[in-house]
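Structure assessment
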Amino acid sequence: MAVPVAFFALFFAYPVVAIVGRGLKDGGRWQFGRIGEVLSRPEIVDVLWFTTWQALASTALTLVLALPAAYVFARFAFPGKQLLRAVVTVPFVLPTVVVGTAFLALLGRGGFLDELWGVRLDTTVWAILLAHVFFNYAVVVRTVGGLWSQLDPRQEEAARVLGAGRFAAWRRVTLPALAPAVAAAALMVFLFTFTSFGVVQILGGPAYSTLEVEIYRQTAQLLDLPTAAVLTLVQFAAVGGILAVHARTVRRRETALKLVDPEQTARRPRGAGQWALLGGVLLTVLLLILLPLGVLVERSLDGPGGYGFAFYRALQSADASGSTFLVPPLEAVWNSLRYALVATLIALFVGGLAAAALTRRAGRLVRGFDALLMLPLGVSAVTVGFGFLITLDEPPFDLRTSWILVPLAQALVGVPFVVRTMLPVLRAVDGRLREAAAVLGASPLRAWREVDLPLVRRALLVAAGFAFAVSLGEFGATVFIARPDNPTLPVAVARLLGRSGELNYGQAMALSTILMLVCAVSLLLLERIRTDRSGEF
Amino acid sequence: MSTTKKITVTAVAAALGVTALAGCGSSDETDSGAKGSGSKTVTLVSHDSFNASKDVLKAFTEETGYTVKVLKSGDAGAALNQEILTKGSPRGDVFFGVDNTLLSRALDNGLFTPYEAKGLDRVAADAQLDADKHRVTPVDTGDICVNYDKKYFADKKLDPPQSFDDLLKPAYKDLLVTENAATSSPGLGFLLGTVAAYGEDGYENYWKKLKDNGVKVVDGWEQAYNDEFSGSAGGRKAKADRPLVVSYASSPPVEVLYAEPQPTEAPTGVATGTCFRQIEFAGLLDGAKNEAGGKALLDFLISRTFQEDMPLNMFVNPVVSDAKLPELFTEFGATVDKPATVAPDRIAENREQWVRSWSSLVVK
């Protein structure tokens, strides 16, 4: 417990409190009056209003589009299911710079809708909402679908035998069991869309701004720390509220449900209705997820002399006539892998210890800590990044110019995923096994190695995979940390997009495609390892 | 920090250190020796666009014995603001990348120690905006100008616009895309250009007319140039429909350089009457650990070696008179004779006000 607490105190709470304090303190005195002053400005009210309603709308739309898919993934067996599940998760870890480009290509002029019906959605709220669905589809499919696949369908059938109609049976039996998972997924989607940054910045144009975008603008562009501090506090309060509700629903979900092996519940679709449902879901996935991803691949191959791998070849050389990098852009792949590996190890170490501590103890305080570990998911990257700057400036922690800061920041985002994946599994380990081993003379270490480790190894691997994928795609914090020049993949993509010229643009698309593939492969490996599908992500 | 907390904290750090090393093996960036004595390494802090050839940095080491360590952190605005936050306890010795639109913010915060770089007499006088105090040294200039898609105007048999006034003509209705002046530096530059051209009383009126003539505003340069501008490589793929974009005078040469095969003519041109001049500066950071190295680096930044290397790495113009421009620039670049300028202190005083009224006029 001490290690994760210290880790969060030092690398999260302290920097965030310090930067907020810098904004709210004047001559050593707190100026809480600034809160009211900032919040009464009309443009800030607009931002708050837009942030809230677009997050609500995004969440609703995501649920509407993804819940049928959760059902299909849970109840139907069809070829390519595993691959498809990995594919729908890819967007979740893609950097928004890349996705924004793909969505503009689809929804903007000359895009898919424009060609067919002359409809253009760029710089409308629709583009933002659809991109949010793209990103968060997997959250619903995995959270709800995971549980759904383990619910015994015979319970519903029993209700129908007893005379309940199809809908009544579903409403009385399945829905109550499912509701907490749906609520948990909805809250996660709400959290991610409430704190949306890149999507809103790129697709919304300058007219729309979320809290997160505004915090970035006030901090990084205007250096108006008081305003940024107030907005950070507001976001903090909102995220804290969301997490508190989330923690409650998760606890409700952990109440005993009769779970069965998902293999038994899935079967081939029967009848026209079920085939139509499957077809509808596949079509949604195709239009909403595969199409944007496909646009990136297509553009990465569309070279000056027709389709080919010209841009990929260009990635291998640091062009002598002047290049965006000192090193071949392909080296960004190795940088990313290295950073992500270190971040994963840190996240596993800290998150594993936290999960272990949370399993062993109960009580209000521990539950609070559980929710606290999720906070980094909802706090703006620029706040953390700038907080690092003013706190980690003294030995032994003058880490501001050290490469380790990048994996540390990435690990902050990875830890919640590790905890959430490990916790259900660790809680399921029967303590009596451990005690039995101890009675038989095993040392605590041996008992852990022989009893716990084999049981949690899979969960550990799954957690590692998520932390790894999240670290690979992390962009926000990484970009605000001073780095010796070894850019990560998302930073390299952003930098290539920041230059004119065909070769740069093509290489950005090629690098994005590589990032996508690396993510897809690591997720596919996870699918093979994964047995317990009750994890939340 | 209490003792117990300190111990815990140190234990965490030690554990993390072990994990990290296990993961990274012998990583070449862990040059911890460079931090302590610091005498042989000089650290340059900059934004993400900084770039220099390896050979040139090597030449500096051979000349002076100092090795340059480059730290990049975000775009120009973010990098500068981070420097201001760490004032007095800087992360490096020299900061490069504050331009004339933000210069006052840096100077008012007392970020730099004065130093008169060797060879400053070769630098054009109009670039020396802090000539009496030498807190900053000018390193490069660049012009923010409207670029046009040559093919579009040739096909339509229409002359491309040349001046701010031209952009208001009905012939160019719905053709221009620009960036948000509040978040993008070319966007801000273009706004300042109109302030210079029409004055504080006239620029709002100009933008009203420009809006009526269908100007489109997007958030950043990337979207404007790659997604909206029909003349760029990205824009051609995206079937973009705006043949006019606010970009840089150096964009056409870049379009040539990064094309395969290289065309004999740039696909885009520059409306030279719409330019705002950006000047980028470097300075010795107050509290620098390696002051001597920092001074040597400042001298080096305006040396001929560095200045001639710069154009093809950062696509900006040298500030010294004896630097030769690469052929790519002389052949495909535009010469901007009379760029618009606004004095840094006037920008500092009014920037927020101008941007705010611009936003309420154009964005909302």
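Presented here is an overview of the structure given in this document. Keep in mind that this is a model prediction, so the values were computed, not measured.

What follows deals with the overall build of chain A. The number of helices and strands found in chain A is 24 helices and five strands. Per-residue burial for chain A yields a buried fraction of 60% across its 537 residues. Within chain A, contacts between residues separated by at least 24 positions form 78% of all contacts whose residues are at least 6 apart in sequence. In the structure as shown, chain A presents an accessible area of about 20,600 Å², 64% of it carried by carbon and sulfur atoms.

Each aromatic ring pair is characterised by the separation of its centres together with the angle its planes make. Under the counting rule described, the total for this entry stands at 32 aromatic pairs over all chains. Both rings, one in F7 of chain A and one in F8 of chain A, keep their centres 5.6 Å apart while their planes meet at 75°; by these two values the pair is edge-to-face. Accessibility expressed as a relative area gives 0% for F7 of chain A, which makes it buried. Look at W221 of chain B and Y225 of chain B: their rings are 4.7 Å apart centre to centre, the planes differ by 10°, and that puts the pair in the stacked class. Here the residue W221 of chain B and the residue Y225 of chain B both occupy positions in helix α8 (residues 221–228), the gap between them amounting to four residues, near one helical turn. Across the pair, Y225 of chain B and W221 of chain B agree in class, each one buried. An aromatic cluster is built from F164, F190, Y198, Y206, W207 and W358 of chain B, whose rings are joined through pairwise contacts. Positioned above the aromatic ring of Y66 of chain B is the side chain of K40 of chain B, whose terminal nitrogen or guanidinium carbon lies 4.9 Å from the ring centre.

Time to look at helix α14 (residues 344–363) of chain B. Residues and elements named next belong to chain B. A bend of about 55° at N350 is the largest found in α14. Listed as buried for α14 are P344, I347, N350, R351, W354, V355, S357, W358, S359, V362 and V363. Among the structural elements, α5 (103–108), β6 (176–179), α7 (185–212) and β7 (216–218) are those in contact with the buried residues of α14.

Residue and element names in this part refer to chain B. With the rule as written, the count across this model stands at one disulfide over all chains. With its sulfur 2.1 Å from that of its partner, C145 forms a disulfide with C275. Between C145 and C275, the disulfide has an S-S torsion of 115° and is therefore right-handed. In this pair, C145 is assigned in strand β5 (residues 137–149) and C275 in strand β9 (residues 268–285), connecting sequence segments 130 residues apart.

Our focus in this paragraph is the nonpolar core. Membership of the largest hydrophobic core comes to 237 residues, with the highest contact counts inside it found for F7 and Y137 of chain A together with F306 of chain B. It is helix α7 (residues 125–148) of chain A that provides the largest number of residues to this core, a total of 17 residues. Ranked by size, the runner-up nonpolar core spans 34 residues in total, among them A181, V215, W354 and W358 of chain B.

Taken residue by residue, the interface counts 72 residues in chain B and 76 residues in chain A. Carbon and sulfur atoms make up 58% of the area that chain B and chain A hide from each other, which totals about 6,600 Å². Put simply, chain B and chain A have nine residue pairs in polar contact (both at pLDDT 80 or more) between them. Those elements that place two or more of their residues in the side of chain B that touches chain A are α1 (3–24), β2 (67–72), α4 (76–85), β7, α8, α9 (233–237), α10 (251–257) and α12 (304–314) of chain B. Here the side of chain B that touches chain A takes ten residues from α1 of chain B, the largest share from any one element. Of the residues that constitute the side of chain B that touches chain A, the class distribution is 29 nonpolar, 22 polar and 21 charged. Here strand β5 (residues 483–484) of chain A runs beside β2 of chain B; their pairing, made up of two bridges, is antiparallel. Along β2 of chain B, the bridge assignment pairs P484 of chain A with L71 of chain B.

A cluster of nonpolar side chains, L283, L286, L287 and L290 of chain A, forms an exposed patch at the surface whose accessible area comes to about 330 Å². The topology assignment puts L287 of chain A in helix α14 (residues 271–301).

The next thing to look at is the environment of P186 of chain B. Residues and elements named next belong to chain B. Within the secondary structure, P186 is located in helix α7. Linking P186 and S247, residues 61 residues apart in sequence, is a C-alpha distance of 6.4 Å. Once residues lying within four places of it in the same chain are set aside, the contact partners of P186 are I144, E179, W221, V246 and Y248.

Following the sequence through the fold, G234 of chain B ends up in helix α9. The sequence separation of G234 of chain B and K211 of chain B amounts to 23 residues, and the corresponding C-alpha distance is 25 Å. Residues in contact with G234 of chain B, not counting those within four places in the same chain, are Y505 of chain A together with N226 of chain B.

Before going further, it helps to examine the pattern of salt bridges. All names here are of chain B. In this structure the tally under the stated criterion is 15 salt bridges over all chains. Two residues, D299 and K118, come together in a salt bridge whose shortest N-O distance is 3.5 Å. Of this pair, D299 sits in helix α11 (residues 291–301) while K118 sits in the loop between β4 (112–113) and β5, and the two are 181 residues apart along the sequence. Given the relative accessible area of 15%, D299 is considered buried. Judged by its relative accessible area of 59%, K118 falls in the exposed class.

How each quantity is defined
Residues numbered from 1 in each chain as written. Chains lettered and ligands numbered in written order. Predicted model: local features only at pLDDT ≥ 70, side-chain atom pairs only at ≥ 80, totals over all residues. Heavy atoms only, no water. Helix = DSSP H or I, 4+ residues; strand = E, 2+ residues; numbered from the N terminus. Buried < 20%, exposed > 50% of the residue type's maximum accessible area, 1.4 Å probe, protein only. Contact = heavy atoms within 4.5 Å. Areas by Shrake-Rupley, 256 points an atom, 1.4 Å probe, with all protein chains shown as cover. Phe/Tyr/Trp six-rings, centres within 6.5 Å; stacked < 30°, edge-to-face > 60°. Lys NZ or Arg CZ within 6 Å of the ring centre and 35° of its normal. Bend = angle between axes of the 7 residues up to and from the residue. Disulfide = S-S within 2.5 Å. Core = buried A, V, L, I, M, F, W, Y, C linked by side-chain atoms within 4.5 Å. Buried area = accessible area lost by both parts, 1.4 Å probe. Polar contact = N/O pair within 3.5 Å; in protein donor to acceptor, adjacent residues only side chain to side chain. Nonpolar A, V, L, I, M, F, W, Y, C, P; charged D, E, K, R; others polar. Pairing = 2+ DSSP bridges. Patch = residues over 30% accessible without salt bridge, like charges linked within 9 Å, V, L, I, M, F, W, Y side chains within 5 Å. Salt bridge = Lys/Arg side-chain N within 4 Å of Asp/Glu carboxyl O.

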